[in-house]
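# Observations on the model geometry
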Amino acid sequence: MGEAIHGTMRAELTCHRFRLTLLNPFTTSFGTQTERTGYIFRLSAGGVTAYSECVTSEEPFYSYEDNYTALHIITDYLSSMITDFPDPAAFLERCSMIKGHNMAKAAIEMLLWDFHCRREGVSLSSRLGRGRGYANVGVSIGMEDIPAMISKVSSAVDAGYRRIKVKIKRGMEQSIVAAVRDSFPEVPLSVDANTDYRLKDSETLGKLDRYNLEYIEQPLGHDDLLDHAKLAAQLSTPICLDESITDSSRAEQAFDIGACTVINIKPGRVAGLTESVLIARICRERGGHCWVGGMLETGIGRAFNISLAGMEDVDYPGDTSPNGRYFARDVVTNPFTMDSGRIVPNAGPGTGTVVDEDFLSSVTGQKLTIRDWDA
Ligand SMILES: [Mg+2]
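Residue indices follow the written sequence of each chain, beginning from 1 at its first position. Selection of residues for local features in this predicted model requires a pLDDT of at least 70, selection of side-chain atom pairs for listing and counting requires 80 or more, and totals for whole chains, interfaces and linings are taken over all residues. For the side-chain quantities, the full set of heavy atoms in the structure was used; hydrogens and water were omitted.

Domain boundaries shown here were taken from an automatic or database domain assignment. Partitioning the chain into structural domains gives domain 1 (10-125 + 355-374) and domain 2 (130-343). A separation of 23 Å is found between the C-alpha centroids of domain 1 and domain 2. Here a residue-residue contact requires only that any non-hydrogen atoms of the pair lie within 4.5 Å. Taken residue by residue, the interface counts 37 residues in domain 1 and 42 residues in domain 2. Per-residue buried area on domain 1 facing domain 2 is highest for Phe26, Ser29 and Tyr62; these three make up 20% of the total on that side. The term buried area denotes the loss of accessible surface (1.4 Å probe radius) that occurs when two parts are joined, taken as the sum for both partners.

Printed below as a string of structure tokens:
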């Protein structure tokens, strides 16, 4: 992949700043989200058009990155590194002097995966390899009052989701988990704290051990490994890390010190698919588990996640719901559908998404040409 493209052609990197209203507000320990705003990137050259999505949002609450920092890093640094269409791994090497900014890097890294796969006429899934043929799908349910959450869990169980995850925060963990477990004694259940606890809360979190949870996701600080290792030693419930795992070396370190046995892989958080695949392999080799998370992506970002989640190394159901769960209408004309808790990745080429350009334009506040050049 990524051999030089010869001859002169016009190339263009553009971005759409879009705004889509969520069907339902989504509440985590750091706030309530009612819409998704972000950037869709498009790379066109030689008759090939590729797309990707940056998973930042307006506020730097999940991580320090937000829409503004991502656009700055992409415009001022990353866009100049892709004028010869490097393959994704070569691109990562090129931008390695830029510290962090993984979501910005991921948007461009995944754009290159899609570009090369589309140019070669192969699907992203087959390029990633080790495919199972489908992704196992779980669901993430935001915080609401208890009756509303129970109702949502009930609908999700009926829809066939293979794992239920509920968001918790300090002081509400017992009431939420007890209520869901009482109503659904057998359902595969996990909780996500989105960094809301501290090590001194270990006794509180220990009280969740009785509920037979698959894992507790990211209870402690967003960049912590050491305290998670101490907490893991005190709990029987496995720890899953999300925010703390920013690349494959952090994944190795987390397993080395016993900070987790499960990892939520979000390509955007780890600079794209190259590192995602490495992390999935590390989880398997270390006897751990992994699954693919989500950042309320449109169909464009979602397609990358589904292809990754369809790999054999990804052994747990992910937060990879079909598009219709989040948006009344998506920016793609071929949204995913779920059958028996499974989603089949697109046949391609590339991610296989067919972008609804008219609708994308209608939800775009600003369209920017970041760079155009003779390639
Ligand atoms: Mg999480």
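For the peptide bond that leads from glycine 348 to proline 349, omega is 5 degrees, which places it in the cis range. Structurally, the position occupied by proline 349 is in the loop between β12 (342-343) and α12 (357-362). The backbone phi angle of threonine 195 is positive, close to 70 degrees, even though this residue is not glycine. Tracing the backbone through its elements, the reader meets threonine 195 in the loop between β7 (189-192) and α7 (202-206). One non-glycine residue, alanine 271, adopts positive backbone phi at about 70 degrees. Mapped onto the secondary structure, alanine 271 falls in the loop between β10 (262-265) and α10 (273-285). Note on classification: 1.4 Å probe, protein chains only; a residue is buried when its accessible area is under 20% of the maximum for its type, exposed when over 50%, partly exposed between these limits. Since its relative accessible area comes to 6%, alanine 271 is described here as buried. The helix count covers DSSP runs of H or I at least four residues long, the strand count covers runs of E at least two residues long, and both are numbered beginning at the N terminus.

The subject of this paragraph is the coordination of the magnesium ion. At the metal site, the magnesium ion is ligated by Asp192 (OD), Glu217 (OE) and Asp242 (OD), and these contacts range over 2.1 to 2.4 Å. Coordination of the magnesium ion draws on donor residues from a single chain, spaced D-x24-E-x24-D in sequence. Of the two residues, aspartate 192 sits in strand β7 while aspartate 242 sits in the loop between β9 (239-241) and α9 (248-257), which places them 50 residues apart along the sequence. Residue class for aspartate 192 comes out buried when judged on its relative accessible area of 1%. A donor here means an N, O or S atom no more than 2.8 Å from the metal, or no more than 3.2 Å when the metal is Na, K or Ca. Since water is not included, a site may seem to lack partners.

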